[in-house]
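The chain contents come next:
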Amino acid sequence: MEIEELRTFVEVADAGGISSAALRLGVSKSIVSRRLFRLESELGVQLLARTTRGAALTEAGATFRDYAARVYAEIDLAKETILPAGDLRGRLRVAAPLSFGPTHFAPVLAEMARRHPQIHIHTCYSDRVVDLITEGYDCAIRVGYLQDSNLIARRVGPVYGKLVASPDYIKAYGSPEMPEDIVAHQALMQGTEVWQLMDGDKIITVRPQGRFKADNGVALVAAATAGLGIAYLPDCLTHEHVVSGALVPIMTRYPPPPAGTYVVRPPGQHPARKIRILTELVIEFFNQSPHFARNSPA
């Protein structure tokens, strides 16, 4: 019984189909089918019932899936343990935010690949919240205020932000002075979110209103510089525009509370060494990046 057969079976079981599992594994559907055929032949039982919608676990498959996952995880850990110190191998699937993932986190992942030439890194950049378990990701880098979940999270650094608007918007509509003034202005938002501001140690919640919404921070920066309204954005997206004068910090007496950047992973007893090393590299990046590591007054 080959370890790749066990891994393939677990991927198909979790993905719910051969096509999805093949995508997650980075191999063809025919290879997945052959591995499943060999595994079922060796066991002498049917593990998966193929349907037009995918593949469903049989009773035997449901029982065998957990055993197969544990065996694969243990062998994977054993391989990592006997490697020379620092060497990594295998595949790492990472989900990262689109808003500043390609500019801020892609260099970290590239450096990891440079240091560890045997590892294969596959990254998905999207501002949606990726389901790590269902979609088969090893971990994700997430920025903001982390929601409660069953995922295991490691906070790797702070993220500071501010309210900004263009000089043209301020000239035309003025600048809010108090948190309650925001509802009278056009807000640039990702959805129907609330904004939190600090008044000393007190948190004030504001429900802004606006006609321009986007699920991407870079798009909101573009709208803010075009004079469409007030944006609530992290410094790493607005710093250059504030320095150039294209955006102006407003309501600086009421700053947003610091958010965070996290490396999150599915629940499990021990994180894989490749996830631990990625986490260490992201922490190293934060220590070197002023727009993440501290709240610049500019």
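Before any of the text, the structure's been laid out above.
Below is a summary of the structure that appears in this document. Quick caveat: nothing in here was measured; it's all calculated off a predicted structure. (Residues numbered from 1 in each chain as written. Predicted model: local features only at pLDDT ≥ 70, side-chain atom pairs only at ≥ 80, totals over all residues. Heavy atoms only, no water.)

**Things to note about the overall build of the chain**
Each helix and strand in the chain was counted, giving 11 helices and 14 strands. With the C-alpha coordinates of the chain rotated into their principal frame, the extents come out at 75 × 45 × 35 Å. Put simply, the chain has 298 residues, and 43% of those count as buried. Here the analysis covers contacts within the chain between residues at least 6 apart in sequence; of these, 72% occur between residues at least 24 apart. Carbon together with sulfur atoms contributes 53% to the accessible area of the chain, which is approximately 15600 Å² in total. The averaged location of the 31 negative side-chain charges in the chain is 3 Å from the averaged location of its 32 positive side-chain charges. (Helix = DSSP H or I, 4+ residues; strand = E, 2+ residues; numbered from the N terminus. Buried < 20%, exposed > 50% of the residue type's maximum accessible area, 1.4 Å probe, protein only. Contact = heavy atoms within 4.5 Å. Areas by Shrake-Rupley, 256 points an atom, 1.4 Å probe, with all protein chains shown as cover. Lys, Arg positive; Asp, Glu negative; His and termini not counted. Charge placed at Lys NZ, Arg CZ, Asp CG, Glu CD.)

**Notes on the sheet that holds strand E7 (residues 161–165)**
Read across the sheet, 5 strands follow the order E11-E8-E12-E7-E13 without closing on themselves; strand pairing throughout is mixed. Each having just a single partner strand, strand E11 (209–213) and strand E13 (248–250) make up the two edges of the open sheet. Strand after strand, the sheet turns through a mean of 45° between neighbouring axes, direction not considered. In this structure, E7 lies alongside E13, joined through 3 bridges in antiparallel fashion. Paired with Leu-163 across the strands is Ile-250, a residue of E13. Helix H9 (residues 235–244) rests against E7, strand E12 (230–234) and E13 of the sheet, and its axis sits at about 115° to E12. (Pairing = 2+ DSSP bridges. Axes fitted to C-alpha atoms, helices over the stretch in contact; angles between N-to-C directions.)

**Side note on unusual backbone geometry**
Residue Met-251 is not a glycine yet carries a positive backbone phi of 50°. Tracing the backbone through its elements, the reader meets Met-251 in the loop between E13 and strand E14 (259–265). Since its relative accessible area comes to 8%, Met-251 is described here as buried.

**Structural notes on the nonpolar core**
Counting 35 residues, the largest nonpolar core has Leu-92, Met-112, Leu-278 and Val-282 as its most contacted members. Contacts of Val-282, omitting those with residues within four sequence positions, involve Phe-105, Val-108, Ile-141 and Val-156. Formed by 18 residues, the second largest nonpolar core is a distinct cluster that contains Ala-22, Leu-25, Leu-48 and Ala-69. (Core = buried A, V, L, I, M, F, W, Y, C linked by side-chain atoms within 4.5 Å.)

**Examining the layout of surface pockets**
Size it by volume and the largest pocket reaches roughly 1600 Å³. Among the elements that make up the lining of the largest pocket, the one with the highest residue count is helix H4 (residues 59–82) (13 residues). Quantified by volume, the second largest pocket comes out at close to 1300 Å³. Lining the second largest pocket are 43 residues, and of these Asp-127, Val-143, Gly-144, Tyr-145 and Gln-190 sit closest to its centre. (1 Å grid on protein atoms, 1.4 Å probe; cavity = no way out; pocket = protein on both sides within 12 Å on 5 of 7 lines; lining within 4 Å. Points joined across faces, edges and corners; volume = space filled by probe spheres on them.)

**Some details on the environment of Ser-33**
On the secondary structure map, Ser-33 appears in helix H3 (residues 29–43). Sequence-wise, Ser-33 and Phe-9 are 24 residues apart; in three dimensions their C-alpha atoms are separated by 9.6 Å.

**A look at the sheet that holds strand E6 (residues 152–159)**
Sheet architecture is open: 5 strands sit in the order E4-E3-E5-E14-E6, paired in mixed fashion. Each having just a single partner strand, strand E4 (119–125) and E6 make up the two edges of the open sheet. Going across the sheet, the axis of each strand differs from the next one's by a mean of 20°, ignoring polarity. Relative to E4, strand E3 (residues 90–96) runs parallel, the two sharing 7 bridges. Within the sheet, the bridge partner assigned to Gly-90 lies in E4 and is Ile-119. In this fold helix H10 (residues 273–288) packs onto E3, E4, strand E5 (139–144), E6 and E14, with an angle of close to 15° to the strand it touches most, E6.

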